[in-house]
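Okay, here's what each chain looks like letter by letter:
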Amino acid sequence: MKRGDETYCLLTNILKEELVPAMGCTEPIALAYAAARARDLLGRMPERVRVEASGSIIKNVKSVIVPNTDHLKGIPAAVCAGIAAGDADRKLECLAGVTAEDVRRIHEALDLLPVQVDFLDSPLTFDMIVTVEAGGESARVRIANAHTNIVLLEKNGEKLLDTPVTCEREEGLCDHTGMTLQHIWDYVQALDVADVRETLRRQIDCNTAIAEEGLRGQYGASIGRVMMDAYGISVRNRAIAMAAAGSDARMNGCEMPVVINSGSGNQGMTCCLPVVVYAQELQVSEEQLLRALALSNLIAIHIKTGIGRLSAYCGAVSAGAAAGAGIAYLHGGDYEMIAHTVVNALNIVSGIICDGAKASCAAKIASSVEAGLLGWEMYRHGKQFVCGDGIVARDVECCIRNIGRLGKEGMRETNREILKMMLDEK
């Protein structure tokens, strides 16, 4: 592969498209963004709001704090935040500029504005529609398949934008489906780091800052702090603790941005921070660190492509495997080591479920990074899982396809049962 080749340009664009800043958990922020766009389209403050959301959206918004709202949770809170104070031009950072007066207005809107929330029976796991009404006028915004992918804009029944939606493609985004681990490996060897330096430096800076805040503060279950207190300051434990601490802060009200991966801040931190910690320990060059991060991020995206943005399959698993691959690269690992690290890691913790965004995500991240590190250590010690061991297939691509099938198709009913449990009022 050479710089300027079609695949080189595609992977560069995928990194730039996927690794963007977001403030808070991305599902409530996507709702806030949709609500802000709907308010702007209506041209005035609404008098009524209806939210239709797929099960995975409901699951991921239920228990997580919406940033800059004084610790509010839930779909009505996210929507009222977007309506009362959201800046739609900032997309996943639409609540970043909220002031103390804005917070007062958000709480007032939550108290006064009727917000009807309905389950959206959609074939898409990621699907939301926000409809606002006032003075006999209405506006509607639909986001599907990805967090800022607006596919419908409607004013007073007139469709201003109406993009056909399928389950297979994320409209308007780079096509990930032809990506392979070999492509990613070849890209990293050919990479001119100047092409992605700004993108990856932003990820390092943002995600490190929130992880350090997570270690300083008292957020959620403080998994990162527990890891440091219980297991010490080895590079291995610091790598795990930093990723967990970032999630501690992000899931529990910290108002600092993260750079996401596959639409998820938790996944963005998981595939980044352990690699950064090992790079600091090994004192590698900036170029080597950026290559390792390009590798880790693209592997996480590749694995997640087959699963989809949201699933009952915990996304930290794919990101933890990718982090293990990035760390293997920093230690001089070749393609074979990277591939076997990924296969080993995926087959250690692929049973972790996603039951929404909340404090325990940090613990699942810790387990996933641990699996990534164990997958690498296994291969270094001449051990590996082989074809026929459960879902392990004949090569890394077949294994990744199996994981995608498990997460997307096999866990559909699991996702429905998790949602029922979470919404059970008993």
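Everything below is about the structure printed above this text.
Residues numbered from 1 in each chain as written. Predicted model: local features only at pLDDT ≥ 70, side-chain atom pairs only at ≥ 80, totals over all residues. Heavy atoms only, no water.

Caption draft 1: The overall build of the protein chain, seen in detail. The helix and strand inventory of the protein chain stands at 17 helices and eight strands. With respect to the three principal axes, the spread of C-alpha positions in the protein chain is 70 × 45 × 45 Å. Classification of the 426 residues of the protein chain by burial places 59% in the buried group. Restricting to contacts in the protein chain with at least 6 residues of sequence separation, those with at least 24 account for 76%. Accessible surface, the protein chain: about 16600 Å² in total, of which carbon and sulfur atoms supply 49%. If you average the places of the 43 positive and of the 54 negative side-chain charges in the protein chain, the two averages end up 2 Å apart. (Helix = DSSP H or I, 4+ residues; strand = E, 2+ residues; numbered from the N terminus. Buried < 20%, exposed > 50% of the residue type's maximum accessible area, 1.4 Å probe, protein only. Contact = heavy atoms within 4.5 Å. Areas by Shrake-Rupley, 256 points an atom, 1.4 Å probe, with all protein chains shown as cover. Lys, Arg positive; Asp, Glu negative; His and termini not counted. Charge placed at Lys NZ, Arg CZ, Asp CG, Glu CD.)

Caption draft 2: Structural view of the packing of helix H2 (residues 26–42) against helix H4 (residues 75–85). As a packed pair, H2 and H4 sit with axes 7 Å apart at the nearest point and diverge in direction by 40 degrees. Taken together, H2 and H4 sit at an angle that is classed as oblique. Regarding H2 and H4, the two cross each other, and that crossing is right-handed. For the pair H2 and H4, the contacting residues are Pro28, Leu31, Ala32, Ala35, Ala36 and Arg39 in the first and Ile75, Ala78, Val79, Gly82, Ile83 and Ala85 in the second. Of the residues contributing to the contact of H2 with H4, the split by class is ten nonpolar, one polar and one charged. (Axes fitted to C-alpha atoms, helices over the stretch in contact; angles between N-to-C directions. Parallel < 35°, antiparallel > 145°, perpendicular 65-115°, else oblique. Left-handed = near helix turned anticlockwise from the far one by under 90°. Nonpolar A, V, L, I, M, F, W, Y, C, P; charged D, E, K, R; others polar.)

Caption draft 3: Local environment of empty space enclosed by the protein. Applying the stated rule across the entire model yields one cavity of 30 Å³ or more. In this model, the largest cavity occupies a volume close to 300 Å³. In terms of lining, the largest cavity is formed by 28 residues, of which the most central are Asn60, Ser264, Asn266, Gln267 and Cys354. Secondary structure elements with two or more residues in the lining of the largest cavity: H2, helix H9 (235–251), helix H10 (265–270), helix H13 (315–330) and helix H15 (361–380). In terms of residue class, the lining of the largest cavity is built from ten nonpolar, eleven polar and seven charged. (1 Å grid on protein atoms, 1.4 Å probe; cavity = no way out; pocket = protein on both sides within 12 Å on 5 of 7 lines; lining within 4 Å. Points joined across faces, edges and corners; volume = space filled by probe spheres on them.)

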